[in-house]
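Listed below are the residues making up each chain.
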Amino acid sequence: MLYLAEMEVHIPESWSEEKIADYIARERETSQKWQKSGKWVYLWRVAGQYANVSVIEAESPEEFHQIVSSLPLFPYMTIKVKSLCKHPNAVRETLL
Ligand SMILES: O=C(O)CC1=CCC(=O)O1
């Protein structure tokens, strides 16, 4: 199943620059692991916002949850999720 996730990040104002840098580095490491595995298909920055739009391919809602909740910044995000299916008028079979 494909999931469209819109993630908004809310870093607590009390965090030091060092703590923010540490979370961002671990966030990159985790999401790149999922991207290289093929599960995290697209990762786009929303222009002008600390937010992204992602497409994640997961076998179940439980696996989708496992992927997004593995992100260090997960507790500091609001995430809107939609599950996707093929549009009957789509001319391409695959995402890429
Ligand atoms: O949008 C962000 O910066 C948060 C995030 C999610 C996955 C990732 O690599 O960064």
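What you see is a predicted model; the values in this text were computed from it and never measured. (Residues numbered from 1 in each chain as written. Predicted model: local features only at pLDDT ≥ 70, side-chain atom pairs only at ≥ 80, totals over all residues.)

Asker: Go over the site of the ligand, please, and point to the residues and values.
Answerer: What surrounds the ligand is the set Met7, Val9, Glu27, Arg28, Ser31, Asn52, Leu71 and Leu73. Of all the secondary-structure elements, those providing two or more residues to the shell around the ligand are strand S1 (2–9) and helix H1 (17–37). Per-element tally for the shell around the ligand: the top contributor is H1, with three residues. Here the shell around the ligand is built from residues that sort into four nonpolar, two polar and two charged. (Near = placed C-beta within 6 Å. Helix = DSSP H or I, 4+ residues; strand = E, 2+ residues; numbered from the N terminus. Nonpolar A, V, L, I, M, F, W, Y, C, P; charged D, E, K, R; others polar.)

Asker: Report on the pairing of S1, specifying residues and quantitative values.
Answerer: Pairing geometry for S1 and strand S3 (residues 51–57), over seven bridges, is antiparallel. Bridge assignment links Ala5 to a residue of S3, and that residue is Ser54. Bridge count for S1 against strand S4 (residues 77–84) is eight bridges, and the pairing is antiparallel. When the bridges of S4 are listed, Val9 appears paired with Met77. (Pairing = 2+ DSSP bridges.)

Asker: Provide a residue-level description of the environment of Trp40, including the pertinent values.
Answerer: On the secondary structure map, Trp40 appears in strand S2 (residues 40–45). Residues in contact with Trp40, not counting those within four places in the same chain, are Ser31, Trp34, Gln35, Ser54, Ile56 and Ile67. (Contact = placed C-beta atoms within 7 Å.)

Asker: Tell me about H1, and please be specific about residues and values.
Answerer: Think of an α-helix as 3.6 residues a turn; residues three or four steps apart then line up on the same face. Taking 1.5 Å per residue, 21 residues should reach 30 Å; H1 reaches 30 Å between its end C-alpha atoms and fits that length. Following H1 by one or two positions, Gly38 has its phi on the positive side, about 90°. (Expected span 1.5 Å × (residues − 1).)

Asker: Could you give an account of helix H2 (residues 61–69), naming the residues involved and the relevant values?
Answerer: Among the residues of H2, those classed as buried are Phe64, Ile67 and Val68. Down the axis, H2 shows its buried residues gathered within 90° of arc, on one side only. Facing away from the buried side of H2, by more than 90 degrees, are the exposed residues Glu62, Gln66 and Ser69. Contact partners of the buried residues in H2: S1, H1, S2, S3 and S4. (Buried ≥ 20, exposed ≤ 12 C-beta atoms within 10 Å, placed from the backbone. Arc of directions from axis to C-beta.)

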